[in-house]
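# Structural characterization, general
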Amino acid sequence: MPRWRQRLPAIATGCSIILLWQLGVTVFGVPTYIAPSPLQVMAVFRDKADILWLNFLPTLFEAVSGFIIGNLVAVLLAIWFVHSRFAERAFYPIAVFVNTIPIIAIAPILVLILGNGYAPKIVIAALICFFPTLVNMVRGLKAVSPQMLELLRVLSASNRETLLKIRLQSSLPFLFAALKIASTTSVIGAIVGEWIGSNYGLGALIIEATYNFRAPMLYATVILGASLAVAGFTVTSLVERMVIRWKPDAVF
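Residues numbered from 1 in each chain as written. Predicted model: local features only at pLDDT ≥ 70, side-chain atom pairs only at ≥ 80, totals over all residues. Heavy atoms only, no water.

## A short note on the overall build of the protein chain
The test is simple: Every helix listed is a DSSP run of H or I at least four residues long, and every strand listed is a run of E at least two residues long, numbered separately from the N terminus. Only protein chains enter the accessibility calculation, which uses a 1.4 Å probe; a residue is then buried when its area is under 20% of its type maximum, exposed when over 50%, and partly exposed in between. Per-residue accessibility takes into account occlusion by the displayed protein chains alone, with areas from the Shrake-Rupley method and a 1.4 Å probe. By the counting scheme adopted, Arg and Lys are positive, Glu and Asp are negative, and His together with the chain ends is not counted. Lys charges are placed at NZ, Arg charges at CZ, Asp charges at CG and Glu charges at CD.
Within the protein chain, the regular secondary structure consists of ten helices and zero strands. Starting at the N terminus, the α and β elements of the protein chain follow one another as α-α-α-α-α-α-α-α-α-α. Within the protein chain, buried positions represent 38% of all 252 residues. By element, 73% of the accessible surface of the protein chain is carried by carbon and sulfur atoms, the whole surface being about 14,500 Å². Once the 19 positive and 10 negative side-chain charges of the protein chain are each reduced to a mean point, those two points are 8 Å apart.

## Re the domain arrangement of the protein chain
Heads up, the rule is: Domain start and end points were adopted from an automatic or database domain assignment. The buried area of a pairing is the accessible area, by a 1.4 Å probe, that goes missing from both parts when the two are put together, added over both. Whenever a carboxyl oxygen of Asp or Glu lies within 4 Å of a side-chain nitrogen of Lys or Arg, that contact is scored as a salt bridge. Here a polar contact is recorded for every N or O atom pair within 3.5 Å, except that within protein the pair must consist of a potential hydrogen donor and a potential acceptor, and residues adjacent in sequence are included only if both atoms are side-chain atoms. Residues are sorted three ways: Asp, Glu, Lys and Arg are charged, Ala, Val, Leu, Ile, Met, Phe, Trp, Tyr, Cys and Pro are nonpolar, and all the rest, Gly among them, are polar.
We note that the domain assignment places domain 1 (1-30) and domain 2 (36-243) within the protein chain. One C-alpha centre belongs to domain 1, the other to domain 2, and the line joining them spans 29 Å. For the pairing of domain 1 and domain 2, the buried interface totals around 530 Å² over both sides, and the portion due to carbon and sulfur atoms is 66%. On inspection of domain 1 and its partner domain 2, the count reaches zero salt bridges. There are two residue pairs in polar contact (both at pLDDT 80 or more) connecting domain 1 and domain 2. Within the side of domain 1 that touches domain 2, the residues separate by chemical class into three nonpolar, one polar and one charged.

## Considerations on the nonpolar core
Note the following rule: Side-chain atoms within 4.5 Å link the members of a nonpolar core, which is a set of buried Ala, Val, Leu, Ile, Met, Phe, Trp, Tyr and Cys residues.
Counting 20 residues, the largest nonpolar core has Ala 78, Phe 130, Leu 134, Met 137, Leu 141 and Leu 175 as its most contacted members. Mapped onto this core, the elements with two or more residues apiece are helix 3 (49-83), helix 4 (85-100), helix 6 (118-142) and helix 8 (159-196). In this structure, Ala 190, Leu 205, Ile 206 and Ala 209 belong to the second largest nonpolar core, which totals 17 residues.

## Here we look at the layout of surface pockets
Quick reminder of the rule: Of the grid points, spaced at 1 Å and generated over the protein atoms alone, those admitting a 1.4 Å probe that cannot get out make up cavities, while open sets with protein on both sides within 12 Å along at least five of seven lines make up pockets; any residue with an atom within 4 Å of a point is treated as lining. Grid points are joined across faces, edges and corners, and a volume is the space filled by probe spheres set on the points.
Quantified by volume, the largest pocket comes out at close to 250 Å³. Lining the largest pocket we find 15 residues, and of these Phe 67, Ser 183, Gly 232, Val 235 and Thr 236 sit closest to its centre. When contributions to the lining of the largest pocket are tallied by element, the ones reaching two or more residues are helix 3, helix 8 and helix 10 (215-243). Among the elements that take part in the lining of the largest pocket, helix 10 stands out by supplying six residues, more than any other. In the lining of the largest pocket, the residues fall into eleven nonpolar, four polar and no charged.

## Some points on the packing of helix 9 (residues 201-211) against helix 10
Keep this limit in mind: Interaxial angle, 0 to 180 degrees, is taken between N-to-C directions of lines fitted to C-alpha atoms, where a helix line uses only the stretch in contact. Each angle receives one of four descriptions, namely roughly parallel if under 35 degrees, roughly antiparallel if over 145, roughly perpendicular if within 65 to 115, and oblique otherwise. Crossing chirality is assigned from the near helix's rotation relative to the far helix, an anticlockwise turn below a right angle marking it left-handed and a clockwise turn marking it right-handed. In this analysis, two residues are considered to be in contact whenever any of their non-hydrogen atoms come within 4.5 Å of each other.
It is the contact of helix 9 with helix 10, at a shortest axis distance of 8 Å, that shows an interaxial angle of 160°. Overall, the two elements helix 9 and helix 10 adopt an arrangement that is roughly antiparallel. Crossing angle aside, the handedness with which helix 9 passes helix 10 is left-handed. Where helix 9 approaches helix 10, its residues Leu 202, Leu 205, Ile 206, Ala 209 and Thr 210 are matched on the opposing element by Met 217, Leu 218, Thr 221, Val 222, Leu 224 and Gly 225. When the residues that make up the contact of helix 9 with helix 10 are grouped by side-chain class, the tally is eight nonpolar, three polar and no charged.

## Observations concerning unusual backbone geometry
Look at Phe 213: it is not a glycine, yet its phi comes out positive at around 55°. With respect to the element layout, Phe 213 can be found in the loop between helix 9 and helix 10.

## Looking at the pattern of salt bridges
Per the counting criterion, the structure on display carries five salt bridges. A salt bridge links Lys 142 to Glu 88; the shortest N-O distance between them is 2.9 Å. Taken together, the residues Lys 142 in helix 6 and Glu 88 in helix 4 connect sequence positions 54 residues apart. Given the relative accessible area of 39%, Lys 142 is considered partly exposed. For the salt bridge of Arg 214 with Glu 208, the shortest nitrogen-to-oxygen distance reads 2.7 Å. Accessibility expressed as a relative area gives 29% for Glu 208, which makes it partly exposed. Through salt bridges with shared partners, a single network forms among Arg 85, Glu 88 and Lys 142.

Here it is in structure tokens:
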């Protein structure tokens, strides 16, 4: 079945939701400051495109930077843990502890330490990406049969050769599963960081629109943030499809 036909149920469901939304707002006379209609939200995209774009770019930069940094550090640590039991026992519990702290509680601390610029938002986005990738990568690097590892020892393969030829290959499905999650949560991290203290970004625009009862702008900003997360998920899925050719196609 062609891929565009596989997308038809989701497209039809989305259009139905928008239609019901428009009918509900119109029929029940819901005030605009509570729930604007889809047409009013679309008007914001048309009339306030410059404001949305100016606030979209900082969030995009923070989310992408946090995604890259958080996942890179997680992969490097996972490789270290696989080759050093001491490192895993020493630092893995700390990573678990940091992950248990709500990101909304860490954000103010980072803003106080790093200031009110891009740095705390990038760190927050990186932190929210870090732990899922670390867990999945450690599991993936260890998901090699003992017989295969024994064969490599018999062949006098070095740790580097074992890592490059066997462990990394076995870890790719686990890694991309984590990356698809991180591609969406990095956007959440960037927006949460902007909530704490920022004059720019989608998070700051959400706060401003909420306090000033600009519901159409609020809805448009939320939709734009969600679209960024969906775009990140889609790009990651496409890269996965190109890299892991032996894996059966998923829904996305």
